[in-house]
Amino acid sequence: MKKKEIIEGIVTRVDFPNKGVIETADGKCIVKNALPGQKVSCRVQKVRKNYAECALLEVLEDAPDAVSSPCKHFGKCGGCTYLTMPYVKELGLKEQQVRSLLGPIIESQSMDFSWEGIKTSPSKFEYRNKMEFSFGDEEVGGDLQLGMHKRGSFYDIVTVSDCRIVDNDYRIIVKEVRDYFADLYGKKEITFYHRYRKEGYLRHLLVRKAVKTGDILIDLITTSQEEHDLQPLCDMLLDLELEGRIVGILHTTNDSVADAVKDEGTEVLYGKDFFYEELLGLKFKITPFSFFQTNSLSAEVLYETVREYIRGLYDQSGSELAGKVIYDLYCGTGTIAQVLAPIADKVIGVEIVEEAVEAAKINAEKNNLTNCEFIAGDVLKVLDEIEVKPDLIVLDPPRDGVNPKALSKIIGYGVKYIIYVSCKPTSLARDMEALIAGGYQGRRGVALDQFPWTANVETIVLFERVDRQA
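Criteria and cut-off values
Residues numbered from 1 in each chain as written. Predicted model: local features only at pLDDT ≥ 70, side-chain atom pairs only at ≥ 80, totals over all residues. Heavy atoms only, no water. Disulfide = S-S within 2.5 Å. Buried < 20%, exposed > 50% of the residue type's maximum accessible area, 1.4 Å probe, protein only. Helix = DSSP H or I, 4+ residues; strand = E, 2+ residues; numbered from the N terminus. Pairing = 2+ DSSP bridges. Right-handed = clockwise from strand over helix to strand, strands pointing away. Core = buried A, V, L, I, M, F, W, Y, C linked by side-chain atoms within 4.5 Å. Contact = heavy atoms within 4.5 Å. Salt bridge = Lys/Arg side-chain N within 4 Å of Asp/Glu carboxyl O. Axes fitted to C-alpha atoms, helices over the stretch in contact; angles between N-to-C directions.

Concerning the state of the cysteines
Okay, step 1: Throughout the structure, instances matching the rule amount to zero disulfides.
Okay, step 2: In this structure Cys-77 is not part of a disulfide, and its nearest cysteine sulfur, from Cys-80, lies 6.5 Å away.
Okay, step 3: Since its relative accessible area comes to 10%, Cys-77 is described here as buried.
Okay, step 4: Between Cys-372, a cysteine without a disulfide, and Cys-331, which holds the nearest cysteine sulfur, the sulfur-to-sulfur distance is 9.5 Å.

Things to note about the pairing of strand E20 (residues 417–422)
Okay, step 1: With six of six residues buried, E20 is to be regarded as a mostly interior element.
Okay, step 2: Where burial is concerned, the two faces of E20 agree: the one with Tyr-417, Ile-419 and Val-421 and the one with Ile-418, Tyr-420 and Ser-422 are both buried.
Okay, step 3: Two elements, strand E19 (residues 392–395) and E20, share four bridges in a ladder whose sense is parallel. Pairing of Ile-393 across the sheet is with Ile-418, part of E20.
Okay, step 4: Considered for its hand, the β-α-β crossover made up of E19, helix H8 (residues 404–412) and E20 is right-handed.
Okay, step 5: In terms of strand pairing, E20 meets strand E22 (residues 458–465) through six bridges, oriented antiparallel. Along E22, the bridge assignment pairs Ile-418 with Phe-463.

Focus: the nonpolar core
Buried together is how nonpolar side chains tend to be arranged in soluble globular proteins.
Okay, step 1: If you look at the biggest cluster of nonpolar residues, it comprises 83 residues, and the most contacted ones within it are Phe-135, Ile-173, Val-177, Phe-181, Leu-205, Leu-237 and Leu-329.
Okay, step 2: For this core, the element with the highest residue contribution is helix H2 (residues 168–186), accounting for seven residues.
Okay, step 3: In contact with Leu-205, not counting residues within four places along its chain, are Met-131, Glu-132, Phe-133, Phe-135, Leu-146, Ile-173, Val-177, Ile-218, Asp-219 and Leu-220.
Okay, step 4: Ile-310, Val-347, Ile-419 and Val-421 belong to the second-largest nonpolar core, a separate cluster that totals 41 residues.

Considerations on the pattern of salt bridges
Between side chains of opposite charge, a pair can form when the charged atoms approach closely.
Okay, step 1: Within this structure, the stated rule accounts for 30 salt bridges.
Okay, step 2: Where Asp-15 meets Arg-13, a salt bridge forms, and the shortest distance between an N and an O atom there is 3.0 Å.
Okay, step 3: On the accessibility criterion, Asp-15 (27% relative accessible area) is partly exposed.
Okay, step 4: In this structure Arg-13 comes out as partly exposed when scored by relative accessible area, which is 34%.
Okay, step 5: Between Arg-48 and Glu-53 there is a salt bridge, and its shortest N-O distance comes to 3.4 Å.

A closer look at the sheet that holds strand E9 (residues 157–159)
Okay, step 1: Pairing in this open sheet of seven strands is mixed, and the strands run E9-E8-E7-E10-E11-E12-E13 from one edge to the other. Single-partner strands in this sheet number two, and they are E9 and strand E13 (266–271). Along the sheet, successive strands turn relative to each other by an average axial angle of 35°, direction set aside.
Okay, step 2: Relative to strand E12 (residues 245–253), strand E11 (residues 215–222) runs parallel, the two sharing eight bridges. Each residue of the ladder has a partner; that of Asp-219, found in E12, is Leu-250.
Okay, step 3: Taken strand by strand, helix H3 (residues 231–238) contacts E11, E12 and E13, and its axis lies near 155° from that of E12.

In structure tokens, the structure reads:
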């Protein structure tokens, strides 16, 4: 195979996260965003030793069991990957991806490991409680858009007024905000931020909605390069007929170069800057930038699974974790810590984001939990400062996994059990090898489809410390 060569073939499988594989006489081609069973054409971009990386050009034939996409933006928007797959097939694909990454490690160690399949999200559509939409144009000099990045593009934006993974309130809000600013943009009275030129005003629209209460927060993120009266925007939003209730409209300034939603100062234009969400009977204060699982109902499945794994380790008849101390590392706003607090003597959460730690403390007080302690700081450093040693450790790290030096310290505690909650199975596989080298073996594991139709999958694994063989 040569660079720029056009290849045609049938996708035989998809490796995590969205790497379609085509087997050819000349070697293996990796094609992102292709689905199992599709016949596609692709262009070779890079030639590696044992494979070629290719760009998808066209789907020549759909998979035999393909279904119609419920979203008119699918294929153009870069958000969803599997909307034309039957959902049961998507579940099987994600489970197989996790098993293909963890299976060889488990088999090489001859572990007594129980794999428990994959759990589904309670809601297949309209499940997200947070979305970050970007302002921009779909083509140079075109109309103003508000939505998601176009598939394969860093700059082009597609308005997603028909997005299926959020509910109708989101769809109404994104359409009306886009129309409001498009009118001003057409009159050259407002600009959007150009990433290349680093000029412009409108950057993002952040929308959060509590599943249990229907409360809605709307945050407009702009640069400080222009000044505009945003009261007419507030009036327009408050006049919308929504199923939920807008409790806060905010304006956040962000002058950073990175294309990310960053808080460099937030003004409340209407109402308040928070609402409360409920999980497993507990209340959690949510601000625009709080870390919180973006699928509330599936988060309940996730946390209940963690709690069930822990309960299965101890005597069911009494206070199974009486006198036990749990570390919740990378705890975010302390959701796992507070879910576990009723069955433990003490839970210590560690999180590097100070705002999240402050929210965790408020949430614990709101939930009348007196046995939770939350510490702001890098896990690697904070572990040297905590005097109370753990009996059990829960890890819920970011996508890149646990810092290797921090993982070495975690292994050094020698606790009997570690529960690892992963949002990226490739990182889990890497850390799993380190845990095994440190004297642990996997005992139970399950995947969770936290984000249907996307390439993401959660995994929970219970590790037990075992005696080393002489």
